[in-house]
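Observations on the three-dimensional arrangement
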2 protein chains.
Amino acid sequence: MTIYNAPTKDTQFILHELLNITESDIPGYDELEADFTGAILEEAGKINTEVLHPLNAVGDREGCRLENGVVYTPTGFKEAFNQVREGGWTGLAGDPEYGGQGMPYIMGTAVNEIFGAANQAFAMYQGLTMGAYASIHAHGTDAQKAKYLPKMSTCEWTGTMNLTEPHCGTDLGLMRTKAAPQDDGSYKITGQKIFISAGDHDMSDNVIHLVLAKINGGPEGIKGVSLFIVPKFMVNEDGSVGARNGVSVGSIEEKMGIHGNSTCVMNYDEATGYLLGEEHKGMRAMFTMMNHARLGVGLQGLSQAEVAYQNAVEYAKDRLQGRAVTGAQNPDGPADPLIVHPDIRRALMDQKSFVEGARAYLLWSSTLLDAADRNNDEAAHGLLSLMTPVIKGFLTDQGYDMTVQAQQVYGGHGYIEEQGMSQFTRDARIAMIYEGANGVQALDLVGRKLAQDGGKHVMAFFALVKDFIKENEGDEALKADFLDPLKSASKDLQAAAMYFMQEGMKNPNAALSGSTDFLHLFGHVSLGLMWARMAKVASTALANGATDTEFYETKLATGRYYMARRLPATKMHLARIETGADTVMALAADSF
Amino acid sequence: MTIYNAPTKDTQFILHELLNITESDIPGYDELEADFTGAILEEAGKINTEVLHPLNAVGDREGCRLENGVVYTPTGFKEAFNQVREGGWTGLAGDPEYGGQGMPYIMGTAVNEIFGAANQAFAMYQGLTMGAYASIHAHGTDAQKAKYLPKMSTCEWTGTMNLTEPHCGTDLGLMRTKAAPQDDGSYKITGQKIFISAGDHDMSDNVIHLVLAKINGGPEGIKGVSLFIVPKFMVNEDGSVGARNGVSVGSIEEKMGIHGNSTCVMNYDEATGYLLGEEHKGMRAMFTMMNHARLGVGLQGLSQAEVAYQNAVEYAKDRLQGRAVTGAQNPDGPADPLIVHPDIRRALMDQKSFVEGARAYLLWSSTLLDAADRNNDEAAHGLLSLMTPVIKGFLTDQGYDMTVQAQQVYGGHGYIEEQGMSQFTRDARIAMIYEGANGVQALDLVGRKLAQDGGKHVMAFFALVKDFIKENEGDEALKADFLDPLKSASKDLQAAAMYFMQEGMKNPNAALSGSTDFLHLFGHVSLGLMWARMAKVASTALANGATDTEFYETKLATGRYYMARRLPATKMHLARIETGADTVMALAADSF
């Protein structure tokens, strides 16, 4: 019942007019000409609209099932996965030395938005694989890379990440899974892992599990955690798949959403594992995967908001209900379409201004990652590191809210599973939780990232905002609608950071009590910056006589909405932050 | 897996210390002594904790099923419904002349919160019946009342309300269901209704449908709509159940939540119906039901937030993860409980300050309803009429957000159906939609209620706030923490109302673009007023040497949290409102 079309035009605008990627000095960007990126986006749109999106509801309805130790994916998933492989979509940003196409990360972001929007549960099978790929690529030996990466690049073998155990998720120091060293240098892994996305399934010849475990006799707590490669099937010397390893699926979890993805309880029973990276440095190796994954999860917030928005718009134009308060707009029909009503527009503008702002934010952030990876740009790396919890936490919180708003446009029909709007909400919900619940992101932001390297990354962010405002202060077209609100919001962010520095020294609870508010405050200023930049590009294009005036005028109008209606949230967040810890921490635990 | 306990102590505090109900001049209130209300709440808590809450997950898992035209409710529902009937819970606030116990509405509110929290889907079977009861009671002939009400009072017969059709929900003027007048004064009803909660089931001997339809030849649109009583089984002269009427269940909807309630497509095929109230005045008759129902739905927002909160607190105390930033608080354990972390506390305080404030707001509003019904108090009726959309819209929007926050406390475990937190979220979601989607509530508030009777009801609300502040201006214990924030928030509300009056005259879109923000602004000020009043009671009790200091100090601390952390939202809403319609209405429909 639902529709999805890739937002190619908007992505192209961001890549080529906002970010001017071909003019960047980042290696590989010069090849990303508009025709080329456009063709990729068109093709990605095609397979997603025609093949993967129609399977979204199927996956939700059927879910995965475990029979005699075998996990079966929903009808059509296996064939579709083959089509994705054949289309060469799996190794887009992978290393050419190991089967990848070597494209910059930014193209991965642009394409993954589309896959995540069309069918999140399906896209996760490749997404997890690419996370595991990145981890082996960064920390594996040459032999490990040669053995696993080419097959993972094509998703002939898929990957997983195994962190969580029944009694611990965030606090991995409590982990119980054990690794016993063997004479041949391998380990026997024993323990239980839960919530393992894409944990097992019938779509690939092998599953390469990355498993955190403690080597017997190692240090206590988090310092004794190591990372292991544990294949489902042992891999023979010639690269072929051999005997079954000691890993099995205990059960498939019944979840609120993403039913098409097999979230498994994985049991390791003296499974053979191979150390990835150094002994007891498992967290470091896992973080490579996790930082990529957090950006990817932030992207899911955008993706689900986008597909929900597209459907809400269609419904609002189609459904006839009531009359415009200013007079009938469809006088020959029995009623006007929903879209004439101001509160419906408010909801749609909330969504539209979020998704376009978030898209710009994610693609810009991707240039930072590419600059860090390909140019060893330390400043870019530091800024992205600071913003990673914002990208993950803000975009998934807001993305979820937007799916709820889109569902609301449907009224009662939004609550009926047949219409598909409930699925967007239920699927989007997980993104606020996995890869570190959003409260943990806020803690990471305020407790760690903000003061990192003497606070220079947040200073760099403030400088970006300040410089943009200064460069454009003479531009009357931008001043009142964009520059002034951005300046005001940015001041709120600076005041909050200052409050944390002063009060956090005396009482860390004072800073942490405002951590979620700070994350949202940071997110709003980030999107405000994106909108101000996009407005600059749009107004310049119009001044230069661009022919597609409707596109640029719509961009400006949407930006004005964000600045006028969304950005004022910064004042509320600052007011909350500045009340500190007193009211938050007042009660004894038993008084709740 | 989940728990639920009735919040008897808090309800008693509100009834007897905040509202002092036994001192009220509302007929019947003098009988509501603390011992009596306490006993009722205890008993309601017992059946809900022991019988109905354990069926909540069962209902969610099994749902209802339609076999050969018969609707089967989930395992255990039928037996539990008998227990509820036997306990005398169904006719609590009904008219003693027609089988009711004649208690004031406020006791219905206090008790229904408990039923709605323990098992929303189950409670709806009685809830809909009481709505239909109220409508027949207000508009029926003596014969109709005598025929239907006693059996509905005991829920031997249950009731439904049939408004929505596939192509119309909010805009009922588009309705197609027809009523053909018969020689005997009855009508033949033909048409299809959808989303009919408790539409049919196996727990009662008859179902009394209230159905909106258009009498052939009547006026066009909403002015031609009449309300009919359409029993599932014809009722014989002696009151016994006779032949099957021409009404059948087309299907049961698959929904996001409230699976335990049978949401039906109802087909009327020349079903015999009896006019309820006057010809073509169906909307008036239906509104009696709807206004009660809207208060009841607002109550569901509280109920789901309360049960979700109770579980989140338990989990936060129980789950060990990480260490307090200020030093280990459970040094002998492997980690500290979640509740030591500031961001977890923030989430719990958001929930706690919402549910206690909302409870006070609903019980206070119930005194207005009782004053209107039992004392013909026009001012009380007007104020409640103004606040009905706020109660429905604000409490369900916020209640939903609180269930999402409670779920978030569980991390990954919150996403797994086995834990039960997902159900609270999925069940709470419907309350934002049914009985008028919250956008429609906002439209009702700003477009109709605000200016009603020359705006005197909103002026009465402002006067309440002002008088409270004035009466207590010398109270230093309240000033900074309660009175000042309330004054500031109330000013924001007044400024918004003023903006609507000035700008709404020129352009109605300017007011309606801010309608949802205004609804939330109004809701926050209302809860702020409740918290200030509760703080007054608590600080007075402490000053007077009350022994239960922990209760009153917790009340004050929770109130301080609301005023400091939640109330600043009013500034954001006002800022949004004052940007008017320009950015909201800027785009052409095709530019979305």
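Definitions and cut-offs
- Residues numbered from 1 in each chain as written.
- Chains lettered and ligands numbered in written order.
- Predicted model: local features only at pLDDT ≥ 70, side-chain atom pairs only at ≥ 80, totals over all residues.
- Heavy atoms only, no water.
- Helix = DSSP H or I, 4+ residues; strand = E, 2+ residues; numbered from the N terminus.
- Rg over C-alpha atoms; globule rule 2.2 N^0.38 Å.
- Contact = heavy atoms within 4.5 Å.
- Areas by Shrake-Rupley, 256 points an atom, 1.4 Å probe, with all protein chains shown as cover.
- Salt bridge = Lys/Arg side-chain N within 4 Å of Asp/Glu carboxyl O.
- Buried < 20%, exposed > 50% of the residue type's maximum accessible area, 1.4 Å probe, protein only.
- Least-squares fit on C-alpha atoms with pLDDT ≥ 70 in both.
- Core = buried A, V, L, I, M, F, W, Y, C linked by side-chain atoms within 4.5 Å.
- Domains from an automatic or database assignment.
- Buried area = accessible area lost by both parts, 1.4 Å probe.
- Polar contact = N/O pair within 3.5 Å; in protein donor to acceptor, adjacent residues only side chain to side chain.
- Nonpolar A, V, L, I, M, F, W, Y, C, P; charged D, E, K, R; others polar.
- pLDDT = per-residue confidence, 0-100.
- Expected span 1.5 Å × (residues − 1).
- Axes fitted to C-alpha atoms, helices over the stretch in contact; angles between N-to-C directions.
- Parallel < 35°, antiparallel > 145°, perpendicular 65-115°, else oblique.
- Left-handed = near helix turned anticlockwise from the far one by under 90°.
- Pairing = 2+ DSSP bridges.

What to know about the overall build of chain A
- The helix and strand inventory of chain A stands at 18 helices and 11 strands.
- Taken over C-alpha atoms, the radius of gyration comes to 24 Å for chain A, in line with the 25 Å a tight globule of 592 residues would show.
- Judged by the C-alpha coordinates and their principal axes, chain A covers about 80 × 60 × 55 Å.
- Relative to all contacts within chain A whose residues are 6 or more apart in sequence, the contacts with residues 24 or more apart total 74%.
- Surface accessibility of chain A: about 20,600 Å² in total, with carbon and sulfur atoms responsible for 50%.

Some thoughts on the pattern of salt bridges
Residue and element names in this part refer to chain A.
- Summed over all chains, the structure comprises 56 salt bridges over all chains.
- Across the pair E113 and R359 runs a salt bridge, and its minimum N-O distance is 2.8 Å. Linking E113 in helix 5 (residues 105-118) with R359 in helix 9 (residues 342-375), this pair joins segments that are 246 residues apart in sequence.
- Take E113: its relative accessible area is 2%, and that puts it in the buried class.
- Salt bridges sharing common partners tie together D10, E113, E306, K352, E356, R359 and K555.

Focus: the relation of the copies chain B and chain A
- The two copies are related by a screw operation: chain B maps onto chain A through 180 degrees of rotation and 0.0 Å of translation along the axis, at an RMSD of 0.0 Å. In symmetry terms, the pair is related by a two-fold rotation axis. The C-alpha atom lying nearest the rotation axis in chain B is that of M572 of chain B; the distance is 3.1 Å.

Observations regarding the nonpolar core
- L348, F461, F518 and F522 of chain B are the most contacted members of the largest nonpolar core, which totals 155 residues.
- Other than its neighbours up to four places away in sequence, F518 of chain B contacts L445, V446, L450, L493, A496, A497, F500 and I577 of chain B.
- Y4, I26, C64 and A110 of chain A belong to the second largest nonpolar core, which has 154 residues in total.

Here's the deal with the domain arrangement of chain A
- Taken as a whole, chain A is organised into domain 1 (8-139), domain 2 (157-281) and domain 3 (452-592).
- For domain 2 of chain A versus domain 3 of chain A, the distance between C-alpha centres works out to 41 Å.

Re the interface of chain B and chain A
- Across the contact, 92 residues belong to chain B and 92 residues belong to chain A.
- When chain B packs against chain A, the two sides together hide about 7,500 Å² of surface, and 61% of this comes from carbon and sulfur.
- On the chain B side of the contact with chain A, Y415, R565 and F592 of chain B bury the most area, a combined 13% of that side's loss.
- On inspection of chain B and its partner chain A, the count reaches 4 salt bridges.
- A salt bridge links R565 of chain A to D517 of chain B; the shortest N-O distance between them is 3.5 Å.
- Our count for the chain B to chain A interface comes out at 47 residue pairs in polar contact (both at pLDDT 80 or more).
- Taken together, the residues that form the side of chain B that touches chain A break down as 43 nonpolar, 28 polar and 21 charged.

Looking at the confidence of the model for chain A
- Per-residue pLDDT for chain A has a mean of 97; in total, 100% of the residues score no lower than 70.
- Scoring the predicted complex yields pTM 0.98 and, for the interface, ipTM 0.97.

A few points about helix 5 of chain A
- For helix 5 of chain A, built from 14 residues, the straight-helix expectation of 20 Å at 1.5 Å per residue is met to within 8% by its first-to-last C-alpha distance of 20 Å.
- Within helix 5 of chain A, 13 of the 14 residues are buried, which leaves it mostly tucked inside the rest of the structure.

What to know about the packing of helix 4 (residues 77-86) of chain B against helix 6 (residues 120-139) of chain B
Residues and elements named next belong to chain B.
- With their axes 12 Å apart at the nearest point, helix 4 and helix 6 run at an angle of 50 degrees to one another. The pairing of helix 4 with helix 6 is recorded here as oblique in orientation. Judged by the sense of rotation from one axis to the other, the crossing of helix 4 with helix 6 is right-handed. Between helix 4 and helix 6, the residues in contact are F77, A80, F81 and V84 and F122, Y125 and Q126, respectively.

Re unusual backbone geometry
- Even without a glycine there, the phi angle at N20 of chain A is positive, about 45 degrees.
- By secondary structure assignment, the location of N20 of chain A is in the loop between helix 1 (8-18) and helix 2 (34-52).
- On the basis of relative accessible area, N20 of chain A is assigned to the partly exposed category, the value being 30%.
- Even without a glycine there, the phi angle at N376 of chain B is positive, about 50 degrees.
- For N376 of chain B, a relative accessible area of 65% translates into the label exposed.

Focus on the pairing of strand 5 (residues 187-196) of chain B
All names here are of chain B.
- Sheet topology note: the strand 4 (residues 178-181)/strand 5 ladder contains 4 bridges and is antiparallel. Its bridge partner lying in strand 5, A180 is registered against K188.
- Where strand 4 hands over to strand 5, the hairpin turn is made up of 5 residues, of which G185 adopts a positive phi near 90 degrees.
- Relative to strand 11 (residues 264-275), strand 5 runs antiparallel, the two sharing 7 bridges. Bridge assignment links I196 to a residue of strand 11, and that residue is C264.

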